[in-house]
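Architecture at a glance
Spelled out, the chains give:
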Amino acid sequence: ASAKLPFLHRRYAFQLLRLHFYRSDPEGALKFYDQHRAEFEGDGSVGWRAMGYTAGAQPRAKRPAEANWRYSVLFERCPAARVSALLSFRPLEEADWNQALQLARSEREKAVLWQMLGLTADGPRAIREILALDRKSDLLPLLVVREVNRAEVETLFGPEAQRQALLSRQRPLLDLLDRASERGDIADPYVWDLAAGHLHALHGDLTIEVKVITT
């Protein structure tokens, strides 16, 4: 309170927030953050780090939905925190997940939540949901490539006895890629074309013609 320089005042506040967190006082950390929210949000670097500690305190305070929403904001807006935000992102139950989606303040924030879910748990579902929000979303190509990569690893390195089961499980993803590729009304359509062609090759569908943009 006696710090005269705003720079020092915010950093003392940040250290106090960290002390609440590391003393296993999540409620105290959340209350302190709310009291000093305007100061934290006015300082880019410290503000993002403060949000990270707040997100980390929320599951301990039995507020997992808010934690996942805050991690999605960090993932989208603070490149330096992307890895840690993704590793800390843990939707546990459908009710918590729906609540996190309700906290999103825009369609973009909802799409980022779905992208994180796709990267950590259910890629095909995330692709479908983002397509429903914005077919031209720039968040989709990464998910598409990741899912084809996962399918490739399963198919080429999985147990031979389970190959047919794996191919059957991948069929909905292949159908999804085919439909998007045929419509072409998505961001980076060549990514979808190549992904669909590659997955068809993995499935032995070598006679399927898939257009590839070569420009």
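Residues numbered from 1 in each chain as written. Predicted model: local features only at pLDDT ≥ 70, side-chain atom pairs only at ≥ 80, totals over all residues. Heavy atoms only, no water.

A few words on the overall build of the protein. On a plain count of helices and strands, the protein comes out with 12 helices and 0 strands. Starting at the N terminus and ending at the C terminus, the protein contains elements arranged as α-α-α-α-α-α-α-α-α-α-α-α. Against the 2.2 N^0.38 benchmark of 17 Å for 215 residues, the protein shows a C-alpha radius of gyration of 22 Å, more extended than a compact globule. Within the protein, the proportion of its 215 residues that are buried is 42%. Contacts in the protein between residues far apart in sequence, at least 24 positions, make up 57% of those at least 6 positions apart. For the protein, the exposed surface amounts to about 12100 Å²; the carbon and sulfur share of it is 54%. Seen as two clouds, the 30 positive and the 29 negative side-chain charges of the protein have centres 8 Å apart. (Helix = DSSP H or I, 4+ residues; strand = E, 2+ residues; numbered from the N terminus. Rg over C-alpha atoms; globule rule 2.2 N^0.38 Å. Buried < 20%, exposed > 50% of the residue type's maximum accessible area, 1.4 Å probe, protein only. Contact = heavy atoms within 4.5 Å. Areas by Shrake-Rupley, 256 points an atom, 1.4 Å probe, with all protein chains shown as cover. Lys, Arg positive; Asp, Glu negative; His and termini not counted. Charge placed at Lys NZ, Arg CZ, Asp CG, Glu CD.)

Taken as a whole and assessed by the stated rule, the structure comprises 14 salt bridges. For E109, the salt bridge is made with R77, and the minimal N-O distance between the two is 3.2 Å. Of this pair, E109 sits in helix α8 (residues 107-120) while R77 sits in helix α5 (residues 64-77); the two residues are 32 residues apart in sequence, bridging distant segments of the chain. When the shortest N-O distance is used, the salt bridge between R150 and E147 registers 2.7 Å. Of the two residues, R150 and E147 both sit in helix α10 (residues 140-157), 3 residues apart, roughly one turn of that helix. Judged by its relative accessible area of 27%, R150 falls in the partly exposed class. Each member of the salt-bridge network shares a partner with another, and the members are D34, R37 and E41. (Salt bridge = Lys/Arg side-chain N within 4 Å of Asp/Glu carboxyl O.)

What follows deals with the packing of helix α9 (residues 123-133) against α10. Between α9 and α10, the shortest axis-to-axis distance is 10 Å and the interhelical angle comes to 155°. Here α9 lies roughly antiparallel to α10, going by the angle between them. By crossing handedness, the relation of α9 to α10 is classed as left-handed. Judged by residue contacts, G123, P124, A126, I127, I130 and L131 of α9 engage L140, L143, V144, E147 and R150 from α10. Looking at side-chain class alone, the contact of α9 with α10 contains 8 nonpolar, 1 polar and 2 charged residues. (Axes fitted to C-alpha atoms, helices over the stretch in contact; angles between N-to-C directions. Parallel < 35°, antiparallel > 145°, perpendicular 65-115°, else oblique. Left-handed = near helix turned anticlockwise from the far one by under 90°. Nonpolar A, V, L, I, M, F, W, Y, C, P; charged D, E, K, R; others polar.)

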